[in-house]
Amino acid sequence: MTSSLRLVFWETTKACNLSCRHCRAVPQRSLAATELTTSRAFDLIDRIAEVARPVLVLSGGEPLFRPDLYDIAAYGVDTGFRLALATNGTLVTGRVAAKIADAGFSRVAVSLDSADPATHDRFRGMAGAHADAVRGILNLREEGVSVQINSTIAKHNVGEVEQLLGMALELGADALHLFMLVPVGCGLEIAPTEMVSAEEYERVLRWFDEQSKSCPIDLKATCAPHYYRLRAQRLEEERRRGDFSGTFIAPGTKAKAAPALVAAPAAGGSREHGQHLSAMTRGCLAGTSVCFVSNEGAVYPCGYLPVAAGNVRFERFADIWNNAPVFRQLRDPDALEGKCRECRYEAICGGCRARAYAATGSFLAEEPFCTYRPDLAPSNRPGPDAAGAAWHRQAEAVVKPIASAVRLRRGAPAVSGSTDSAG
């Protein structure tokens, strides 16, 4: 089963100037000899282009450690990709911001975990990291570069999410993406003390969803696929009350995820090449629409799921993407285990495969931080239940169109009753 490739993260280097407590990688202080060279980077872009021209995110480590970063970005743009950069922001001087803009990056994601400098600096392992990151964001905005703020949420800052959103708006960011901690890499060491409970997860995600209804920027929860289940449940409840004004795709996402692609092309013109900057289609996209390439060329479903699918040094990227067993398993909804297999929201959620792997050793196991009980949903209760049947009909009116569009994008058979979703 093939699947539409929409987003590729390439770990350009493991070198980094910070020592973040949660990092999925163990950072190094300098570039490694085993990392992909410039020519191999160009070849990687060419090989990905044989499959699709997804958003290509240059990440790290700290990608600004690579002196050839701007050449790689320019090559990607010339090849037809939308390029994004994921950085901790501390190295983004005015001159660097200008070079980022000139290279053609569509968006820069800056890691900022708190509106409180002390909280951020402790988590990132460097005094002054917050001030430097904020300065970097302002430098990028001065150059007209779209900025996204990435915030890792754990016990140390879960009570600060409202202030985080306020800071993102104040700094002029186009997006705020909350990353719910996944116990991998350095995160394994802090998981026992920093992982929030499943109930706290849901509280934060419900608050985030409520903000998305009116927030003017793109809000997205990452590594928290049940966010999409919560959105669908909220729409179901609103429609049960007769309110049909809500949409699955939030206004801020429509406005900020990819304005150039959402708008119709001018007469005689064409749309910008590449993909939308926000894949607002499904919770867990690992191996179905997203993959991660390590600094040494290994390909994984995502940066948090350490199950290798192959290596671009020795295999064609297309062969890995289309045929790797781990990808084929992740694209088969019938392969899921536990309550994720039975859940009616599977197509728009899927559970975090990385968190399942960390908890059980199986990436097909049920999501361990989801409180939803499919067996207690009204449509699953035994015996005749008119109220449950009515709820089921209303719920299907919300979920089926979204699920149908998602399955089409994944390359899987569509369920009946499709309309439009978005991405």
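Just so we're clear, the structure is a prediction, and the values are computed from it rather than from any experiment.

### Concerning the sheet that holds strand S5 (residues 146–153)
Phase 1: The 10 strands lie next to each other as S7-S6-S5-S4-S3-S2-S1-S8-S9-S10, forming an open sheet whose pairing is mixed. Each end of this open sheet is capped by a strand with a single partner; those strands are strand S7 (218–222) and strand S10 (310–311).
Phase 2: Taken together, the four bridges between strand S1 (residues 7–11) and strand S8 (residues 290–293) define a ladder with parallel strand orientation. The residue of S8 that forms the bridge with Leu 7 is Val 290.

### Focus on the pairing of strand S6 (residues 175–180)
Phase 1: Most of S6 sits out of view: six of its six residues are buried.
Phase 2: Covered by surrounding structure in S6 are Ala 175, His 177 and Phe 179 together with Leu 176, Leu 178 and Met 180, the residues of both alternating faces.
Phase 3: Each parallel crossover has a hand, and for S5 linked through helix H6 (residues 161–170) to S6 it is right-handed.
Phase 4: Where S6 meets S7, five bridges bridge the pair, whose relative direction is parallel. Opposite His 177, over in S7, you have Lys 220 as the bridge partner.

### Regarding the environment of Gly 76
Phase 1: You can see Gly 76 is positioned in helix H2 (residues 69–79).
Phase 2: For Gly 76, a relative accessible area of 0% corresponds to the buried category.
Phase 3: Expressed as a C-alpha distance, the spacing of Gly 76 and Phe 105, which sit 29 residues apart in the sequence, is 9.5 Å.
Phase 4: Other than its neighbours up to four places away in sequence, Gly 76 contacts Ile 45, Phe 81 and Leu 83.

### Brief notes about unusual backbone geometry
Phase 1: In this chain, Gly 60 is followed by Gly 61 through a cis amide linkage whose omega measures 15°.
Phase 2: As for its placement among the helices and strands, Gly 61 is situated in the loop between strand S2 (55–59) and H2.
Phase 3: Positive phi, normally seen in glycine, also occurs at Cys 223, with a value near 60°.
Phase 4: One can find Cys 223 in the loop between S7 and helix H9 (226–240).

### Remarks on the side chain of Thr 12
Phase 1: Position of Thr 12 among the secondary structure elements: in the loop between S1 and helix H1 (38–49).
Phase 2: Accessibility expressed as a relative area gives 0% for Thr 12, which makes it buried.
Phase 3: When neighbours within four sequence positions are excluded, Thr 12 is seen to be in contact with Glu 35, Leu 58, Ser 59, Pro 63, Arg 66 and Asn 295.

### Here we look at the packing of H2 against helix H3 (residues 94–103)
Phase 1: At a minimum axis distance of 9 Å, the contact between H2 and H3 shows a crossing angle of 25°. When the axis of H2 is compared with that of H3, the two are roughly parallel. Contacts between H2 and H3 involve Tyr 70, Ala 73, Ala 74 and Val 77 on the former and, on the latter, Val 96, Lys 99, Ile 100 and Ala 103.
Phase 2: Counted by class, the contact of H2 with H3 contains seven nonpolar, no polar and one charged residues.

About the thresholds
- Residues numbered from 1 in each chain as written.
- Predicted model: local features only at pLDDT ≥ 70, side-chain atom pairs only at ≥ 80, totals over all residues.
- Heavy atoms only, no water.
- Pairing = 2+ DSSP bridges.
- Helix = DSSP H or I, 4+ residues; strand = E, 2+ residues; numbered from the N terminus.
- Buried < 20%, exposed > 50% of the residue type's maximum accessible area, 1.4 Å probe, protein only.
- Right-handed = clockwise from strand over helix to strand, strands pointing away.
- Contact = heavy atoms within 4.5 Å.
- Axes fitted to C-alpha atoms, helices over the stretch in contact; angles between N-to-C directions.
- Parallel < 35°, antiparallel > 145°, perpendicular 65-115°, else oblique.
- Nonpolar A, V, L, I, M, F, W, Y, C, P; charged D, E, K, R; others polar.

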